[in-house]
Amino acid sequence: MPVSLRTMRYFNAVLTHGSISKAADELNIAASAVSAAIDQIETEFQLKLVNRFRSRGITATVSGKVMERKFARLLEDYDALLSDGSDLKHALRGDLRIGYYAPVAPAFLPEILNYFSSADQQTTLHLEECDNNRAQQGFLAGDFDAILFVSDHALPQIEFDVLLQAPAYCLMPEGHPLSRHASIDLKDLFHEKLVILNRAVAVEYYRRLFDETNQTPETVAYANSTEMVRSLVGAGHGIAVLNMLPATDISYAGDRLIARPISNPLPPLTLSLGYEKSNPRRNVVQLAKLCQDHFGAQGTFKHIVSS
């Protein structure tokens, strides 16, 4: 039977006190368990490690002293590991790794993360933009402590908090004829040119939207970043259907953009925070709270176009 850390601890306690009974009293266990630990270690290593004296108790042999020192180092390392693990769980320090599939995450994530950059915190942030699948797979592989992702396509192993239900809206350049409408019907888009956000989740979402109408607008451009989609729209290449709204109505190129809700009853996309709920680090618990606070009843409307 392999020698356990508990058995090593019993053995060293005996040599510290020079007595099985005193070691048993300190450990609050039966003396027979301490004696059995010594026998197990001697049997495992096929060495005589202690001398037993009726009047003088127990002393270590030369080999026993060597093993005592080795056990002491192992036990110290183990205790230090437990202490570090406890500190990691309960302290707001160390690394916090976040994977995010949220095309407009730069519009809200830096504000949420301000807490971790305050003077009394010792957290180093690691942010990775990725597609929805990479975010989830990376979380399961241990690459991320938490992920922002679209949970309409969540893997069953991932627990999450829903932060936002984002309905579709239509984005167009300033002065576009449709900008005079208070809301847009999907049929209004059939004669328009469409700029597509070329992300797997978004493309599938577009397909679901237009399958119900049996007609799809002409696609003139695909771009895999929201800012490129917005800039193409601002430059007059076409219009776009998006879900989350950034804080500005100006594209990177400086063109003004107009967002209008879509009046058709369409399914929203669901933005969620995925994290380990059963035994989370304190950093992750704090991140979850900050996200929930940000996307409260009022904060939600910063990031959607409502009808």
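This structure is a prediction, so every number in the text was calculated from the model and none was measured. (Residues numbered from 1 in each chain as written. Predicted model: local features only at pLDDT ≥ 70, side-chain atom pairs only at ≥ 80, totals over all residues. Heavy atoms only, no water.)

### Describing the overall build of the protein
Move 1: Looking only at helices and strands, the protein features 9 helices and 12 strands.
Move 2: Relative to the compact-globule value of 19 Å for 307 residues, the protein shows a C-alpha radius of gyration of 31 Å, a clear excess of over 25%.
Move 3: The C-alpha extent of the protein, read off along each of the three principal axes, is 105 × 40 × 30 Å.
Move 4: Expressed as a percentage of its 307 residues, the buried residues of the protein come to 44%.
Move 5: Here the analysis covers contacts within the protein between residues at least 6 apart in sequence; of these, 70% occur between residues at least 24 apart.
Move 6: Approximately 16,100 Å² of the protein is accessible, and the part contributed by carbon and sulfur atoms is 50%. (Helix = DSSP H or I, 4+ residues; strand = E, 2+ residues; numbered from the N terminus. Rg over C-alpha atoms; globule rule 2.2 N^0.38 Å. Buried < 20%, exposed > 50% of the residue type's maximum accessible area, 1.4 Å probe, protein only. Contact = heavy atoms within 4.5 Å. Areas by Shrake-Rupley, 256 points an atom, 1.4 Å probe, with all protein chains shown as cover.)

### Observations regarding helix α1 (residues 5–17)
Move 1: The first and last C-alpha atoms of α1 sit 18 Å apart over 13 residues, in line with the 18 Å expected at 1.5 Å per residue.
Move 2: Residues T7, M8, Y10, F11, N12, A13, V14 and L15 constitute the buried set of α1.
Move 3: Following α1 by one or two positions, G18 has its phi on the positive side, about 70°. (Expected span 1.5 Å × (residues − 1).)

### What about the nonpolar core?
One broad trend across soluble globular proteins is that nonpolar side chains are buried collectively.
Move 1: In terms of nonpolar packing, the biggest core is built from 38 residues, with L189, V229, V241 and L242 touching the most fellow members.
Move 2: Within the residue set of this core, elements represented by two or more residues are β7 (169–173), β8 (193–197), α7 (200–211), β9 (218–223), α8 (226–234), β10 (240–242) and β11 (257–261).
Move 3: Per-element accounting of this core gives the leading share, 6 residues, to α7.
Move 4: Core analysis: the next-biggest nonpolar cluster, separate from the first, contains 27 residues, A146, L148, V284 and L287 among them. (Core = buried A, V, L, I, M, F, W, Y, C linked by side-chain atoms within 4.5 Å.)

### Topic: the sheet that holds β7
Move 1: Overall, antiparallel pairing links the 3 strands, which are arranged β10-β7-β11 in an open sheet. Each edge of the sheet is formed by a strand with only one pairing partner; in this case those strands are β10 and β11. Within the sheet, the average angular offset between the axes of one strand and its neighbour, ignoring direction, is 35°.
Move 2: Alignment of β7 against β10, held across 3 bridges, turns out to be antiparallel. Along β10, the bridge assignment pairs L171 with A240. (Pairing = 2+ DSSP bridges. Axes fitted to C-alpha atoms, helices over the stretch in contact; angles between N-to-C directions.)

### Digging into empty space enclosed by the protein
Move 1: In this structure the tally under the stated criterion is 1 cavity of 30 Å³ or more.
Move 2: In this structure, the largest cavity spans a volume of roughly 220 Å³.
Move 3: Those elements giving two or more residues to the lining of the largest cavity turn out to be α7, β10 and β12 (269–275). (1 Å grid on protein atoms, 1.4 Å probe; cavity = no way out; pocket = protein on both sides within 12 Å on 5 of 7 lines; lining within 4 Å. Points joined across faces, edges and corners; volume = space filled by probe spheres on them.)

### Here we look at the pattern of salt bridges
Move 1: Within this structure, the stated rule accounts for 10 salt bridges.
Move 2: Notably, a salt bridge pairs E204 with R207, separated by 2.6 Å at the nearest N-O pair. In this pair, E204 and R207 are both assigned in helix α7, 3 residues apart and thus about one turn of the helix distant.
Move 3: With a relative accessible area of 27%, E204 lands in the partly exposed category.
Move 4: Taking relative accessible area as the criterion, R207 reaches 41% and is therefore assigned partly exposed.
Move 5: We note a salt bridge from R230 to E227, for which the minimum N-O separation is 3.5 Å. A residue pair is termed a helical-turn pair when its members lie 3 or 4 positions apart in one helix, as R230 and E227 do in helix α8 at 3 residues.
Move 6: Each of E128, R134 and D143 takes part in a single network of salt bridges with overlapping partners. (Salt bridge = Lys/Arg side-chain N within 4 Å of Asp/Glu carboxyl O.)

### Description of the packing of α1 against helix α2 (residues 20–27)
Move 1: It is at 8 Å that the axes of α1 and α2 come closest, and there the two elements cross at 125°. Considered as vectors, α1 and α2 are oriented oblique to each other. α1 and α2 meet at a crossing whose hand is right-handed. Contacts between α1 and α2 involve Y10, A13, V14 and H17 from the former and I20, K22, A23, E26 and L27 from the latter.
Move 2: In terms of residue class, the contact of α1 with α2 is built from 6 nonpolar, 1 polar and 2 charged. (Parallel < 35°, antiparallel > 145°, perpendicular 65-115°, else oblique. Left-handed = near helix turned anticlockwise from the far one by under 90°. Nonpolar A, V, L, I, M, F, W, Y, C, P; charged D, E, K, R; others polar.)

### Considerations on helix α3 (residues 31–45)
Move 1: For α3, with 15 residues, the first-to-last C-alpha span of 22 Å sits near the 21 Å given by 1.5 Å per residue.
Move 2: Within the span of α3, buried status applies to V34, A37, I38, I41 and E42. Down the axis of α3, the smallest arc covering the buried residues is 125°, so these residues share one side. Within α3, the exposed residues directed more than 90 degrees away from the buried face are S32 and T43.
Move 3: The positive-phi residue at the C-terminal boundary of α3 is Q46, with phi of around 55°. (Arc of directions from axis to C-beta.)

### Some points on the packing of α1 against α3
Move 1: It is at 9 Å that the axes of α1 and α3 come closest, and there the two elements cross at 105°. Between α1 and α3, the angle is such that the two are roughly perpendicular. Side by side, α1 and α3 meet where T7, M8, Y10, F11 and V14 of the first sit next to A33, V34, A37, I38, Q40 and I41 of the second.
Move 2: Taken together, the residues of the contact of α1 with α3 break down into 9 nonpolar, 2 polar and no charged.

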